[in-house]
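# Observations on the three-dimensional arrangement
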Amino acid sequence: HAPLEAAVGSRCEDVDGPLGRLLKELALLEPFNSALLGELEAEVAGNGNVGRVFRRFAPFLKMFSRYLELYEAWSDDRKARGGDPSGDRDVCAFLGAAAADPRCRSLDLASFLVAPVQRVPRYRLLLEELAKRTADSHGDRADLDAALALVSEAAGHNNNALAEDAHHATLA
């Protein structure tokens, strides 16, 4: 959100529109994701018991539900504009220049914004695979099983919140 606001200024309608709200929520998720990554890297370098890390962090994955709701609102808004990521000309120019930056690897904004949407389901798939390949006698097995249950619960919570939001939208 900060680079967008710095580039186009707070006068931009999208700073408080669907894209701006989505980017603000993404900024709230970043410290959590950084902490999870740091803990996973430390555990892999040490004992390798990632189940323990996911067990501790899994309950907080429910906070992704707000991002999912905002992503869906932004996506619907984008579709209504024929794929234009923003209704603001300055924002579109900024995003076009950003996509041309080699660090973006030719990916557009939507490719980056969908990543958090996919994160919790991917964590569940990872834990399922780890559980399949981990012996019952392994020291991390109980934590893997507990983490898988907690991540599945968080994924269910997020899906239910999204469905409830969609239901409220149809009633409005």
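What you see is a predicted model, and the numbers here were worked out from it, not measured in a lab. (Residues numbered from 1 in each chain as written. Predicted model: local features only at pLDDT ≥ 70, side-chain atom pairs only at ≥ 80, totals over all residues. Heavy atoms only, no water.)

### Points about the confidence of the model for the chain
What counts is decided by this rule: pLDDT gives the predictor's per-residue confidence on a scale running from 0 to 100. Here a strand is any run of E in DSSP of at least two residues, a helix any run of H or I of at least four, and the numbering for each starts at the N terminus.
Mean pLDDT for the chain: 86, with 85% of residues reaching 70 or above. Highest mean pLDDT in the chain belongs to helix 3 (residues 50-57) (97); lowest belongs to helix 1 (residues 2-8) (57).

### Describing the layout of surface pockets
We apply this condition: The distinction between a cavity and a pocket rests on a 1 Å grid over the protein atoms alone: a 1.4 Å probe fits inside a cavity but cannot get out, while a pocket stays open yet meets protein on both sides within 12 Å along at least five of seven lines, and a residue with an atom within 4 Å of a point counts as lining. Grid points are joined across faces, edges and corners, and a volume is the space filled by probe spheres set on the points.
Of the voids in this model, the second largest pocket is the one considered here, and its volume is about 200 Å³. In terms of lining residues, the second largest pocket is bounded by L26, N33, F112, L113, A115, P116 and R119. Of all the secondary structure elements, the ones that give two or more residues to the lining of the second largest pocket are helix 2 (18-45), helix 6 (109-113) and helix 7 (115-132). Top element by residues in the lining of the second largest pocket is helix 7. It accounts for three residues.

### Regarding the nonpolar core
Convention followed: For the purposes of this section, nonpolar cores are sets of buried Ala, Val, Leu, Ile, Met, Phe, Trp, Tyr and Cys residues that join through side-chain atoms within 4.5 Å. Relative accessibility thresholds used throughout: buried, under 20% of the residue-type maximum; exposed, over 50%; partly exposed, between the two (1.4 Å probe, protein chains only).
In this structure, L19, L36, L61, W74 and L113 are the most contacted members of the largest nonpolar core, which totals 32 residues. The element contributing the most residues to this core is helix 2, with seven residues.

### A look at the pattern of salt bridges
So the rule is basically this: Any carboxyl oxygen of Asp or Glu that lies within 4 Å of a side-chain nitrogen of Lys or Arg is treated as forming a salt bridge with it.
Tallied over the entire structure, the rule returns 13 salt bridges. Across the pair R55 and D143 runs a salt bridge, and its minimum N-O distance is 2.6 Å. With a gap of 88 residues between them, R55 in helix 3 and D143 in helix 8 (residues 141-171) connect regions that are remote in the sequence. Taking the relative accessible area as the measure of exposure, R55 reaches 31% and is therefore partly exposed. Owing to a relative accessible area of 16%, D143 belongs among the buried residues under this scheme. For K132, the salt bridge identified is with E129, shortest N-O distance 3.0 Å. Of the two residues, K132 and E129 both sit in helix 7, three residues apart, roughly one turn of that helix. Residue K132 is classed as exposed on the basis of its relative accessible area, which comes to 63%. Judged by its relative accessible area of 30%, E129 falls in the partly exposed class.

### Considering the side chain of D140
Formally: The definition of a polar contact used here is a pair of N or O atoms within 3.5 Å, where within protein one atom must be able to donate a hydrogen and the other to accept one, and adjacent residues in sequence count solely through side-chain atom pairs. Contacts are assigned to residue pairs with any non-hydrogen atoms lying within 4.5 Å of each other.
Examined against the element boundaries, D140 turns out to sit in the loop between helix 7 and helix 8. Within the local environment of D140, its side chain forms a polar contact with the backbone nitrogen of G51, the two atoms lying 2.8 Å apart. With residues near it in sequence (within four places) discarded, D140 still touches G48, N49, V50, G51 and R52.

### Concerning the packing of aromatic side chains
So the rule is basically this: Side-chain rings of Phe, Tyr and Trp, where Trp is taken by its six-membered ring, are said to pair if the distance between their centres is within 6.5 Å; with planes under 30 degrees apart they count as stacked, over 60 as edge-to-face, and otherwise as tilted.
Under the criterion given, the structure shown has five aromatic pairs. When the ring of F54 is compared with that of Y123, the centres are 5.1 Å apart and the planes differ by 65 degrees; the resulting orientation is edge-to-face. In this pair, F54 sits in helix 3 while Y123 sits in helix 7, placing the two residues 69 residues apart along the sequence. Note on Y123: relative accessible area 16%, which makes it buried.

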